[in-house]
Amino acid sequence: MTVRGTTRVRTRIVSLSVAVAAIAVTLFGVPLGLGLARYAVADEGVALQRLADLTAAAVLTDLAHDRVPAVLPVPGTPGTTVGLFDDDGLLVAGDGTPTGDEHVAAVLAGAGPQVVESGADLVATVPVLGEHEIVGVVRASHPVSAVYTALVPIWLGMLGLAALVLAAAWVIARRQARRLARPLEELAVLADRLGDGDFGVRPRRAGLAEVDALGAAFVGTAARLDELLARERAFSAEASHQLRTPLAALRLRLENARADAGARPGADVGPALDAAVVETERLTRTVEELLDLARSRGGGGRGPVDLHAVLDEVTETYRPRLVAEGRTLEVDLDGAGADEPGCGETAVVGSRAAIGQVLAVLLDNALRHGGGAVRVGVREVGDAVAVDVGDEGPGFADGRPERNGRAPGTETPADGIGLGLPLATRLAEDQGGRLVVSRESPPVMTLFLPLDDGEGQGGEPADGASRPPR
């Protein structure tokens, strides 16, 4: 989300909040103003009727003796007129038309006191009662516009209060909009950083459940992307490490074939080329296995695996290179009962590709950083199979490799120490096994794998098996 986008979000929040406040003020203020006007008119009607009653009481004696009152009570409200009509409907005192209107006639006809709006005036008519008959009518009137004019200051005050409410709503909405938009702006910035490869981004808590949930999802996505990228990088490094040995073996066979052809013109290089083809196929299989392992980490694709067949395949890859360096590779399968009557091939539970890669790492480590003969032994330990890979090199210090006079932690990826063994350890654990240092000097690495229980399940190696005696 860009700055312009968050600005639009803020504007929408503020506009919506002010609009809601305006609607609320209108729904409350307009009825209140109208109700106030109706109340003012009704109150003025009551005042006019009271004035008419007082006037009727004041002129009753004069009208009863056929006298015209000298003076009428003075209205207390400017603009109010008071008129006195006799029993014939003629104006005898005060203000008004010479003859009474329909309201005066209605009272004379016995309709009783009335307060009505007549045209632009509010009119109150009250009878003047003698002993047995109506002797006159008092008519008091006041312009309705004067009532509304008196309400103008109140209405203006209400409008001012409404404006104040809208201003307060605008201020509060802006603050809330900033509070809501700021986490989104920060997420937009963090998303840009995430796109640039910074997977350690962590949004701050906003105190809003929805925004915090979005931030948590963002953190989870960043972690998954980081893990995915780390796996891709690890795969690239591991693939480079693991492909080095098959490529070296292939090169060795081709160089031997070229040397034989140069030393003996006309020599048959067909077997050497066949062996190179085999190495090429093995290299292709290695690449496919690495791809499978990269796609399914965590022990995916586990099943019964013929451990002897895997050992034969891996040792045949490394034997020519060891022989070329004047070293030997010895494989002892007696400890697993391979020579006992009725015993078949040793079957473990795991991924053939993963187990092959672990053994390849151990043999490659012994080849590149060890010395003397390399020995591979297989033995059964409880419900697990132990594969020991050792050589006659300088060994380990504090349970970590220390070869060629280098201290732990100084290895480079090219050395194969800091890369291959962590790969092998992770793959072994993915298969439900263990990879431990059985002996520090001369070095022996032991791979423990669960035996096949006949159902392709197997169990975890016993705790005692994970720490064999030295």
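These numbers come from a predicted model, not from an experiment.

Once that is clear, we can look at the overall build of the protein chain. For the protein chain, the count of helices and strands is eight helices and 14 strands. Summarising the internal contacts of the protein chain: among those between residues at least 6 apart in sequence, 66% fall at separations of at least 24. Within the structure as shown, the protein chain displays about 25,000 Å² of accessible surface, and the carbon and sulfur contribution to it stands at 57%.

Together, R174, R175, R178 and R182 give the surface a local cluster of positive charge. Residue class for R175 comes out exposed when judged on its relative accessible area of 57%.

In this sheet, strand β2 (residues 91-94) lies alongside strand β1 (residues 81-86) in antiparallel orientation, the contact comprising three bridges. Residue pairing across strands places G83 opposite G94, the latter belonging to β2. A loop of four residues connects β1 with β2, the two strands running antiparallel in sequence, and G89 in this loop sits at a positive phi of about 80 degrees.

To continue, consider the nonpolar core. Inside soluble globular proteins, nonpolar side chains tend to come together where they are buried. L307, I355, L359, L363, V387 and L447 are the most contacted members of the largest nonpolar core, which totals 35 residues. Within the residue set of this core, elements represented by two or more residues are α6 (307-324), α7 (352-369), β9 (374-381), β10 (384-390), α8 (417-430), β13 (434-439) and β14 (444-450). Ranked by residues supplied to this core, first place goes to α7 with nine residues. Those residues in contact with V387 that lie beyond four places of it in its chain are L307, L311, L359, V376, G377, V378, M445, T446 and L447. L48, L72, V135 and V147 belong to the second-largest nonpolar core, a separate cluster that totals 23 residues.

Position of H142 among the secondary structure elements: in strand β5 (residues 134-143). Of the residues examined, H142 reaches a relative accessible area of 4% and is grouped as buried. A polar side-chain atom of H142 sits 2.8 Å from a polar atom in the side chain of T80. Residue contacts for H142: discarding those within four places in its chain leaves E44, L48, T77, P78, G79, T80, D121, L122 and V147.

Turning next to the sheet that holds β14. Across the sheet, five strands lie side by side as β7-β9-β10-β14-β13; this open sheet has mixed pairing. The strands lining the two open edges of the sheet, one partner per strand, are β7 (329-332) and β13. When the angles between neighbouring strand axes are averaged without regard to direction, this sheet yields 20 degrees. Note: β9 against β10, seven bridges, orientation antiparallel.

Our next topic: a nonpolar patch on the surface. Together, V152, L156 and L159 make up an exposed nonpolar region whose accessible area comes to about 290 Å². With respect to the helices and strands, V152 occurs in helix α3 (residues 144-195). You can call V152 partly exposed: its relative accessible area is 36%.

As a volume, the largest pocket reaches approximately 290 Å³. Together, 13 residues line the largest pocket, and G29, V30, M158, L159 and A162 are the ones closest to its centre. For the lining of the largest pocket, the elements supplying multiple residues, two or more each, are α1 (3-64) and α3. Broken down by class, the residue content of the lining of the largest pocket amounts to ten nonpolar, three polar and no charged. The volume enclosed by the second largest pocket comes to roughly 200 Å³. Taken together, L63, A64, D66, R67, V68, P69, D86, D87, V92, E133 and V135 make up the lining of the second largest pocket. Across the lining of the second largest pocket, the residue classes tally to six nonpolar, no polar and five charged.

In this section: unusual backbone geometry. With an omega dihedral of -15 degrees, the bond running from S441 to P442 counts as a cis peptide bond. Residue position: P442 is located in the loop between β13 and β14.

On to α6, then. With 18 residues, α6 should cover 26 Å at 1.5 Å per step; its first-to-last C-alpha distance of 26 Å lies within 8% of that length. Along α6, the sharpest change in direction is near 30 degrees and occurs at Y318; proline P320 comes one to four residues later. Restricting attention to buried positions, one finds in α6 the residues L307, H308, V310, L311, V314, T315, T317, Y318, R321 and L322. N-cap assignment for α6: the residue whose side-chain oxygen lies 3.2 Å from the backbone N of H308 is D306. One or two residues past the end of α6 sits G326, with phi positive at roughly 75 degrees.

Time to look at α3. Taking 1.5 Å of rise per residue, 52 residues should cover 76 Å, and α3 covers 72 Å from first to last C-alpha, within 8% of that figure. V152 marks the point of greatest bend in α3, at about 40 degrees, and the proline P153 comes within the next four residues.

Across the protein chain, pLDDT averages 79, with 83% of residues at or above 70. Ranking the elements of the protein chain by mean pLDDT puts strand β12 (residues 400-401) last, at 50, and β10 first, at 93. The low-confidence segment residues 338-344 (pLDDT under 50) makes five contacts with residues lying over four places distant or belonging to another chain. Here residues 461-470 is a poorly scored stretch, pLDDT under 50, and it has 20 contacts once near neighbours within four places are set aside; other chains count.

Across the seven residues that make up β10, a large majority, seven, are buried. Counting the residues between successive antiparallel strands, the hairpin from β9 to β10 contains two residues, one of them, G382, with a positive phi of roughly 65 degrees. Sheet analysis places β10 next to β14, joined by seven bridges and oriented antiparallel. By the bridge assignment, V389 is partnered in β14 with M445.

Applying the stated rule across the entire model yields nine salt bridges. Its salt-bridge partner being R327, residue E325 comes within 4.0 Å of it at the nearest N-O pair. One salt bridge in this structure joins R379 and D388, with 2.7 Å as the shortest N-O distance. Through salt bridges with shared partners, one network takes in E330, R375 and E392.

Rules of the game
- Residues numbered from 1 in each chain as written.
- Predicted model: local features only at pLDDT ≥ 70, side-chain atom pairs only at ≥ 80, totals over all residues.
- Heavy atoms only, no water.
- Helix = DSSP H or I, 4+ residues; strand = E, 2+ residues; numbered from the N terminus.
- Contact = heavy atoms within 4.5 Å.
- Areas by Shrake-Rupley, 256 points an atom, 1.4 Å probe, with all protein chains shown as cover.
- Patch = residues over 30% accessible without salt bridge, like charges linked within 9 Å, V, L, I, M, F, W, Y side chains within 5 Å.
- Salt bridge = Lys/Arg side-chain N within 4 Å of Asp/Glu carboxyl O.
- Lys, Arg positive; Asp, Glu negative; His and termini not counted.
- Charge placed at Lys NZ, Arg CZ, Asp CG, Glu CD.
- Buried < 20%, exposed > 50% of the residue type's maximum accessible area, 1.4 Å probe, protein only.
- Pairing = 2+ DSSP bridges.
- Core = buried A, V, L, I, M, F, W, Y, C linked by side-chain atoms within 4.5 Å.
- Polar contact = N/O pair within 3.5 Å; in protein donor to acceptor, adjacent residues only side chain to side chain.
- Axes fitted to C-alpha atoms, helices over the stretch in contact; angles between N-to-C directions.
- 1 Å grid on protein atoms, 1.4 Å probe; cavity = no way out; pocket = protein on both sides within 12 Å on 5 of 7 lines; lining within 4 Å.
- Points joined across faces, edges and corners; volume = space filled by probe spheres on them.
- Nonpolar A, V, L, I, M, F, W, Y, C, P; charged D, E, K, R; others polar.
- Expected span 1.5 Å × (residues − 1).
- Bend = angle between axes of the 7 residues up to and from the residue.
- pLDDT = per-residue confidence, 0-100.

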